[in-house]
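# Inside the fold
As a plain string of letters, each chain reads:
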Amino acid sequence: MRNAGSEETRLNALYQIRLLDTPAEERFDRITRVVANALDCPMAAISLVDRDRVWRKSVVGMTELEMPRQQALCSQVVLDSQPLVIRDVRADKRFRARVLAQAEPTVRFYAGVPLHGPEGARVGALCVLDYRSREIGTAQMELLKDLAELAERELLVEATLEVQARCVADIRAQQQAEAERRREAERMALAVRAGGVGIFEVDLGSGELLWDARMHELCGIPDEGAPPNLQTLRGRCHPDDLPGLLKLTGGLRRGADSIETEFRVILKRGRVRFIRMLGTVFQSSEGSSRVLIGTCWDVTESRQLQHQLVFQASHDALTGLANRFEFERELRDALSQTAQRGSEHAVCFIDLDRFKLVNDTAGHAAGDALLRELGRTLGQARRSSDVLARLGGDEFGLLLRDCSVDKAEEIAVDLIRRIESLRFRWQRRCYTISASVGIAGLHGPAANIAEVMSQADVACYSAKTAGRGRVSIYRPDHSAAREHHRELLVASTIRQALEERRFCLHAQQIVPLGGSAGAIRPHAELLLRMHGQDGELVLPSDFIPAAERYDLMALLDRWVLTEVLEARGARLAANAEFSISLNISAQSLNDPGFLPFLVDLIDKSALPPNRLCFELTETAAVTHLEAAIQVLRQLRDMGCMVALDDFGSGLSSFNYLKNFPVHFVKIDGSFIRSLLDSPADRAIVESIHGLAHKLGVRTVAECVESEELLEAVQAIGIDCAQGFGIHRPEPLSSMLDRVIATSRH
């Protein structure tokens, strides 16, 4: 706890800056907008911590400007005097009872940095908030600190102005005593010179201008020759800022009693300085005219820092092109134009075709150098009205304003030609690359940015599958484009469902047959299901193809394994009658980090390894032969069972079977379904079963959907059966409840 004295000191510093309960100001609002955009958060605020409340000077995404201090997260930042990051407010025991964590919509993520006022006292915090839990990277935290420093400078300006205002008021109160006035003026001059502040006085009637040496320095006007006047100042003002300055001074002549503005002055050699001006109108001592007395100071460094931070928030650090955030902002503006004025624009997705080869053979430094050179090449080819951005990795976006899709196709063909003609040299080697371009038109009402970008992405994918180095235009009536677009939207839904925990597990029993009934423990294969946003169950056939196409299967595998071995391991272990079968995808086999991840989960799980069976499809195992053998052997060594799924679907099934150290082969369902009608399929099933038994491997018949099929596979001697004719998949929790109830009787 801080003592009362230090709290009083802190409050005195807060009151000295005189910002509580004042109207919104653009200089603070700019900072909150930048931090919200840069950290991709829906809410941001500059908060000042008063004695019993927290008041927000500037907000983004909020409506309430004030809340009790004990409920505000910013008060903790001020108390601790250090940055505070809360990944999930609802999961943090310190804060989950606070209003922000209870009200709807619920605030989940918070990151705040303290703001310091006069003499380093903590007066508030710059913070960002989100409705979803998330992490914050080191670079993002550094950016948040930089913006907090910028906000602190603006706060300290207010404290300086308060001192200066008191000085000016004292001077005018002592106008009758000229000697005292001079002494006070000298005292103020010393103070403001120490702070780099210039003082001026303007007779609004005559236009006579008096200012000190610091004003000469700030405006770059020599302190010699004819006395300066308002025309002298106007001559130094930046042409773009002069109309605003003239409007303000005109308002003073018409009766306004104060002025507050910023403007640029042109110095020698074209240098520009940002000047902040604040002044108040007084009646002259003789009462015959109105006099403006004010101060000016240099804010160039703050404005340059602000400009730099705004640029960094909207541009790619490697290429200097616009980033995805800025590209989407420009695209949003183009969509608005299309809706309001019927404008026609086009979006191009540019994906490099052989970029990975450069990264893999020459290293990432070479890849970065190539991306910079490509950025320059593409930048030189674009029109002045177009927006070119690096969207991430080796993908670029190009917004072509006032451009039809046919014209966009011509531009895209020229871009591909330029890219292919580029000869990139690195350490005595020369590399060439190509690109595929997808185009989507903005020539009618569009739903949103995501739809347009997904259309361009789908078109780009079509260009790649057609042979690369090509241009493809998204056409809604094209069946392949519709299917690719559907899968892209499904892939986006999968990511959202993972974040919202809308996946669940079902189970289907695998039953031992005949003489195997006592030798093989009954087990169940766990099957992944997804709930849609409407709560309806989504079957794997509706989302697995999209997950495979867009490299999401490894994420789904990890979710299933974590859910089974970590979250449900203890309950599954308590049901000793059952073993559990889990599927491993080809994408996981191709992931170097997957096997260590899986081994660690098994080691920590309450479920014994001998109760686990891992299934790999024959196609995945053959395609990633070495990785599959390594994974299967590691799992066998740990005591797990392993199975080869969909066996017989490949062209070399028998040849590969002897290479895989498995306990089970699951005969592909296409052979089992036609077992009663096709002598050839029956012969294949009998051959697989016979060879498997000679190798000491058990067999499982998939897709057993009737009593007749069950009798047929039993007649062949197959060890286990699985299918709708035996057990229809049900929620895992329901199956476990039933097994527990059965075991008690």
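Nothing here was measured: the structure is a model prediction, and the numbers come from that model.

## Remarks on the overall build of the chain
- Of the regular secondary structure elements, the chain holds 28 helices and 28 strands.
- Per-residue burial for the chain yields a buried fraction of 51% across its 745 residues.
- Of the contacts formed within the chain by residues at least 6 apart in sequence, a portion of 64% connects residues at least 24 apart.

## Description of the side chain of Asp-353
- By secondary structure assignment, the location of Asp-353 is in the loop between β12 (345-352) and α12 (355-362).
- Asp-353 gets classed as buried once you look at its relative accessible area, which sits at 12%.
- Side chain to side chain, Asp-353 and Lys-464 meet in a polar contact 2.7 Å long.
- Here Gly-469 takes part through its backbone nitrogen, which lies 2.9 Å from a polar atom of the side chain of Asp-353.
- Each residue touching Asp-353, except ones within four places of it in the same chain, is listed here: Ser-434, Ala-435, Ser-436, Lys-464, Arg-468 and Gly-469.

## Thoughts on the environment of Gln-634
- Here Gln-634 shows up in helix α23 (residues 625-637).
- C-alpha separation for the pair Gln-634 and Leu-595, spaced 39 residues apart in sequence, amounts to 8.5 Å.
- In this structure, Gln-634 is in contact with Leu-595 and Val-599, ignoring residues within four places of it in sequence.

## Looking at helix α10 (residues 300-314)
- Over its 15 residues, α10 extends 21 Å from the first C-alpha to the last, a length consistent with the 21 Å expected when each residue adds 1.5 Å.
- Of all the residues in α10, the buried ones are Thr-300, Ser-302, Arg-303, Leu-305, Gln-306, Leu-309, Ala-313 and Ser-314.

## Quick notes on the pattern of salt bridges
- If you walk through the whole model with that rule in mind, you get 49 salt bridges.
- The closest approach of N and O atoms between Arg-276 and Glu-262, which form a salt bridge, is 3.3 Å. Of this pair, Arg-276 sits in strand β10 (residues 272-283) while Glu-262 sits in strand β9 (residues 258-266); the two residues are 14 residues apart in sequence, bridging distant segments of the chain.
- Salt-bridge contacts for Lys-407 lead to Glu-410; the nearest nitrogen and oxygen are separated by 3.6 Å. Here Lys-407 and its partner Glu-410 are both found in helix α14 (residues 405-421), three residues apart, which amounts to about one turn of the helix.
- The network of salt bridges with shared partners includes Glu-25, Arg-27, Lys-57, Glu-154, Glu-260, Glu-262, Arg-276 and Arg-303.

## A word on empty space enclosed by the protein
- Summed over the entire model, instances satisfying the criterion amount to one cavity of 30 Å³ or more.
- Empty space within the largest cavity amounts to approximately 200 Å³.
- Forming the walls of the largest cavity are 18 residues, and the residues nearest its centre are Val-202, Leu-230, Leu-233, Thr-249 and Met-277.
- Mapped by element, the contributors of at least two residues to the lining of the largest cavity are β7 (197-203), β8 (209-211), α8 (230-236) and α9 (242-253).
- Ranked by the residues each element gives to the lining of the largest cavity, the list is headed by α9, at six residues.
- Across the lining of the largest cavity, the residue classes tally to 15 nonpolar, one polar and two charged.

## Looking at the sheet that holds β10
- Across the sheet, five strands lie side by side as β8-β7-β11-β10-β9; this open sheet has antiparallel pairing. Edge positions in the open sheet fall to β8 and β9, since each of these has one partner strand only. The average undirected angle you get between the axes of adjacent strands in this sheet is 25°.
- Bridge count for β7 against strand β11 (residues 290-298) is seven bridges, and the pairing is antiparallel. For Asp-203, the partnering residue across the bridge sits in β11 and is Val-291.
- Across the sheet, α9 touches β9, β10 and β11, and the angle it forms with β9 is around 150°.

## Considerations on the sheet that holds strand β18 (residues 471-473)
- Here we have five strands laid out as an open sheet, ordered β13-β14-β12-β17-β18, and mixed in their pairing. Whereas interior strands pair on both sides, the edge strands pair on one side only; in this sheet they are β13 (387-392) and β18. Taken over all neighbouring pairs, the strand axes of this sheet differ in orientation by 20° on average, direction set aside.
- Judged from the eight bridges that link them, β12 and strand β17 (residues 435-442) form a sheet pairing that is antiparallel. Residue pairing across strands places Cys-348 opposite Ile-439, the latter belonging to β17.

## Quick word on the packing of aromatic side chains
- Counted by the stated rule, this structure contains five aromatic pairs.
- With a centroid separation of 5.7 Å and 70° between ring planes, the pair formed by Phe-503 and Phe-543 is classed as edge-to-face. Of this pair, Phe-503 sits in strand β19 (residues 503-512) while Phe-543 sits in helix α17 (residues 540-549), placing them 40 residues apart in sequence. There is no split in this pair, since Phe-503 and Phe-543 are both buried.
- Pairing Phe-503 with Trp-559 gives two aromatic rings, centres 6.0 Å apart and planes at 50°, and the pair type is tilted.

Cut-offs and rules
- Each chain carries its own residue numbering, running from 1 in the direction its sequence is written.
- In keeping with the model being predicted, local features are shown solely for residues with a pLDDT of at least 70 and side-chain atom pairs are shown and tallied solely at 80 or more, while totals for entire chains, interfaces and linings include all residues.
- Neither water nor hydrogens contribute to the side-chain values; these are computed over all heavy atoms in the structure.
- Starting at the N terminus, helices and strands are each numbered in turn, a helix being any DSSP run of H or I of at least four residues and a strand any DSSP run of E of at least two.
- With a 1.4 Å probe rolled over the protein chains alone, any residue whose accessible area is under 20% of its type maximum counts as buried; one over 50% counts as exposed, and the rest are partly exposed.
- Residues count as neighbours in contact if any of their non-hydrogen atoms are within 4.5 Å of one another.
- Here a polar contact means two N or O atoms within 3.5 Å. Within protein one must be a hydrogen donor candidate and the other an acceptor candidate, and residues neighboring in sequence count only if both atoms are side-chain atoms.
- The span you would expect from a helix comes to 1.5 Å times its residue count less one.
- One side-chain nitrogen of Lys or Arg within 4 Å of one carboxyl oxygen of Asp or Glu is enough to make a salt bridge.
- With a 1 Å grid spanning the protein atoms alone, the term cavity applies to any set of points in which a 1.4 Å probe fits but cannot get out, the term pocket to an open set with protein on both sides within 12 Å along at least five of seven lines, and the term lining residue to any residue with an atom within 4 Å of a point.
- Grid points are joined across faces, edges and corners, and a volume is the space filled by probe spheres set on the points.
- For this classification, Asp, Glu, Lys and Arg are treated as charged, while Ala, Val, Leu, Ile, Met, Phe, Trp, Tyr, Cys and Pro are nonpolar and the rest, including Gly, are polar.
- The pairing criterion for strands is at least two bridges between them, as found by DSSP.
- Working convention: axes come from line fits to C-alpha atoms, limited for helices to the stretch in contact. Angles between N-to-C directions cover 0 to 180 degrees.
- For this analysis, a ring pair means two rings from Phe, Tyr or Trp (six-membered ring only for Trp) whose centres lie within 6.5 Å, classed as stacked if their planes differ by under 30 degrees, edge-to-face if by over 60, and tilted for the remaining angles.

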